Every structure is written in structure tokens, then in C-alpha cells.
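# Report on the structure
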Amino acid sequence: MKSKTPFIMLIIALFCFTSGCLSYALYTKYNLSLLFDIFVFFIAIVAHFFIMFLTAPIVQIVFKKKFDYNSNWFKLKKYENQLYAFLKVKKWKNKIVTYNKKLYSVKKHSLIDTIMLTCHAEVVHELIVVTSYLPIILGAFLGDYHILVVMSVVFSVAHVPFILVQRYNRPR
């Protein structure tokens with residue numbers, strides 16, 4: 001069975017785009033600042049989905065899924081096991097959404113391929129954390145910096161658990 005996650009993500013992005021267009025149309029008709037704030041809110045979500053949809057293919061093209069999993073970047077740091085225990089990662093790691101769980105199956109893929117995939121996924125989510133702040137640039141055109149900053153922080157922080165899970169699972 002194919003993963004439903006990509007389809008659900010696309011539906012959410014399309015809903016937000018449509019809602020953003022509708023709120024902007026209503027704003028132009030009624031000139032209510034709340035409608036403009038709602039427009040900016042939905043456009044920020046669309047921008048973040050755009051970033052998420054583009055990041056994985058860009059990482060794949062640039063790195064061609066070839067990562068040195070023994071590099072310092074991917075090696076377990078001294079403090080990480082304590083952090084994972086404190087955050088109880090083992091208890092919740094299987095409850096977060098996975099883009100495609102079949103990709104992480106050691107039964108279907110070699111251990112090295114699975115490790116490489118965790119490196120790829122980690123880099124993707126790390127880049128999303130950083131690029132989540134790009135929509136703030138829209139504030140220069142839209143003027144609603146407060147909404148864009150809050151949305152960028154929320155989206156950035158939302159990707160940290162995915163990074164933690166990749167780093168937690170790799171050595172195991």
C-alpha cells in the first residue's frame with residue numbers, strides 16, 4: 001500500500017492556497033485587516049509546503065544520496081544519548097508521521113541503504129529548519145512580519161523531532 005502522506009500534504013497545501021486566495025479576494029472587497037492577516041497566514045503555510053516539497057529533491061540531486069555516515073556531521077555526539085533519554089524519543093519516535101515507511105524497511109532495503117536514507121532525511125529536515133525562515137522575506141512585500149516570523153518559528157521547530165528520530169535511529 002502506498003503512503004498517503006504525500007497526498008495528504010498536497011491536499012493541505014491546495015486547501016491553504018485556495019483559502020489564501022479566498023481571504024485575499026474578501027480582503028480586497030471588504031478591506032478588513034483581519035482578512036489580510038488570514039491571507040498572510042495561509043500564504044506562509046503554502047510557502048512552507050513549497051519549501052518542504054522542493055528540499056528533498058534538491059538534496060537528492062546535490063548529494064545523489066551519497067553521504068559519508070561516518071563523518072562528524074552524522075556521528076553520534078557525546079550528549080545525544082542523554083538528550084534522547086531525557087526527551088523519551090524511544091517512546092514517541094514511531095508515532096510521528098513518516099513520508100514513506102517502506103523506505104526505512106531493513107527487510108526491503110540493505111542496512112547501508114537504510115542508513116544512507118536516514119542521513120538524507122536528516123539533511124532534508126535540517127535544511128527545512130533553516131529555509132523555514134525564507135518566507136519572512138515576504139514581509140517586505142506584505143508587511144505582516146509578525147505572522148511570518150511566528151509561522152517560520154513554528155515550522156522550523158516542527159521539523160526538529162524528525163531530525164532527532166533520524167539521529168536516534170541511525171546507530172541502532
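In this text the structure is predicted, and so the values were computed from the model without any measurement.

The next subject is the pattern of salt bridges. Throughout the structure, instances matching the rule amount to three salt bridges. We note a salt bridge from Arg 167 to Glu 122, for which the minimum N-O separation is 2.8 Å. Here Arg 167 is found in helix H8 (residues 160-169), whereas its partner Glu 122 is found in helix H5 (residues 111-131), with 45 residues between them in sequence. You can call Arg 167 buried: its relative accessible area is 10%. The closest approach of N and O atoms between Glu 122 and Arg 170, which form a salt bridge, is 2.2 Å. Residue Glu 122 is located in helix H5, and its partner Arg 170 is located in the segment after H8; the two are separated by 48 residues in the primary sequence. Each member of the pair Glu 122 and Arg 170 is classed as buried. Through salt bridges with shared partners, a single ionic network connects Glu 80, Glu 122, Arg 167 and Arg 170.

Reading the values: the criteria
- Residues numbered from 1 in each chain as written.
- Predicted model: local features only at pLDDT ≥ 70, side-chain atom pairs only at ≥ 80, totals over all residues.
- Heavy atoms only, no water.
- Salt bridge = Lys/Arg side-chain N within 4 Å of Asp/Glu carboxyl O.
- Helix = DSSP H or I, 4+ residues; strand = E, 2+ residues; numbered from the N terminus.
- Buried < 20%, exposed > 50% of the residue type's maximum accessible area, 1.4 Å probe, protein only.

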